[in-house]
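Architecture and fold: a report
Single-letter residue listing:
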Amino acid sequence: MYQPLKKKPLPAGQPREWYVSHNRRLKAMRLAIALLDSGVYHPATADNRTIRATAESIGIHPPSDTTCRMVRALIRYGR
């Protein structure tokens, strides 16, 4: 049976921007996976509205424009 990985605390002592970008990458990956699972395979069909609707449906805060661009990049380069 599938067991999710246990979360570990992030390393201390990094600059604040490191934590912001780390969490943004994790959020973008979760959204890209959810979009791919829902049948969105092309970055052109993943506009900001679609990405934000997906975020709402999986229960995470709406992403910023920067995160939406990262989601499209993950979909583009993951092919």
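Here, the structure is the one placed above.
These remarks concern the structure in this document. Throughout, a residue's number is its position along its own chain's written sequence, starting from 1. Owing to the predicted nature of the model, reporting of local features is limited to residues with pLDDT of at least 70; listing and counting of side-chain atom pairs is limited to 80 or more, with chain, interface and lining totals taken over all residues. The basis for every side-chain value is the complete set of non-hydrogen atoms in the structure, without hydrogens or water.

Here we take up the overall build of the chain. Only runs of H or I of at least four residues qualify as helices and only runs of E of at least two qualify as strands under DSSP, and these elements are numbered from the N terminus. Helices and strands together make up the secondary structure of the chain, namely three helices and zero strands. The order of helices and strands in the chain, counted from the N terminus, is α-α-α. Viewed in the frame of its principal axes, the chain has a C-alpha envelope of about 40 × 35 × 25 Å. Using a 1.4 Å probe on the protein chains alone, a residue whose accessible area is under 20% of its type maximum counts as buried, one over 50% counts as exposed, and one in between counts as partly exposed. Within the chain, the fraction of its 79 residues that count as buried is 24%. Contacts were defined at the residue level, with two residues in contact if any of their heavy atoms lie within 4.5 Å. A sequence separation of at least 24 residues applies to 59% of the contacts in the chain between residues at least 6 apart. With the model as given, the accessible surface of the chain reaches about 6,200 Å², and the carbon-plus-sulfur share is 58%. Surface exposure here means Shrake-Rupley accessible area, sampled with a 1.4 Å probe, where a residue is shielded only by the protein chains that are shown.

The next subject is a nonpolar patch on the surface. What makes a patch is a set of residues exposed beyond 30% relative accessible area and free of salt bridges, joined within 9 Å when like-charged and within 5 Å when nonpolar (Val, Leu, Ile, Met, Phe, Trp, Tyr). For this analysis, a salt bridge means a side-chain nitrogen from Lys or Arg found within 4 Å of a carboxyl oxygen belonging to Asp or Glu. On the surface, L26, M29, I33 and L74 cluster together into a nonpolar patch covering about 330 Å² of accessible area. Ranked by residue count, the leading element in the nonpolar patch is helix α1 (residues 16-37), at three residues. Among the structural elements, L74 can be located in helix α3 (residues 65-77).

Take the nonpolar core next. Residues enter a nonpolar core if they are buried and are Ala, Val, Leu, Ile, Met, Phe, Trp, Tyr or Cys, with the set joined through side-chain atoms within 4.5 Å. If you look at the biggest cluster of nonpolar residues, it comprises 11 residues: A28, L31, A32, L35, V40, A46, I51, A55, C68, V71 and I75. When residues in this core are grouped by element, the largest group, four residues, is from α1. The contact partners of A32, leaving out residues within four places of it in the chain, are V71, L74 and I75.

Quick look at the packing of helix α2 (residues 48-58) against α3 now. Only the stretch in contact is used when a helix axis is fitted, and all axes are lines through C-alpha atoms; the angle between N-to-C directions ranges over 0 to 180 degrees. The geometry of α2 relative to α3 is characterised by a closest axis approach of 10 Å and an angle of 95° between their N-to-C directions. With respect to each other, α2 and α3 are oriented roughly perpendicular. Packed against α2, whose contacting residues are N48, I51 and R52, the element α3 presents D65, C68, V71 and R72 at the interface. Partitioning the contact of α2 with α3 into residue classes produces three nonpolar, one polar and three charged. Oblique is the label for any angle not covered by the other classes, which are roughly parallel (under 35 degrees), roughly antiparallel (over 145) and roughly perpendicular (65 to 115). Put simply, Ala, Val, Leu, Ile, Met, Phe, Trp, Tyr, Cys and Pro go in the nonpolar bin, Asp, Glu, Lys and Arg in the charged bin, and everything else, Gly too, in the polar bin.

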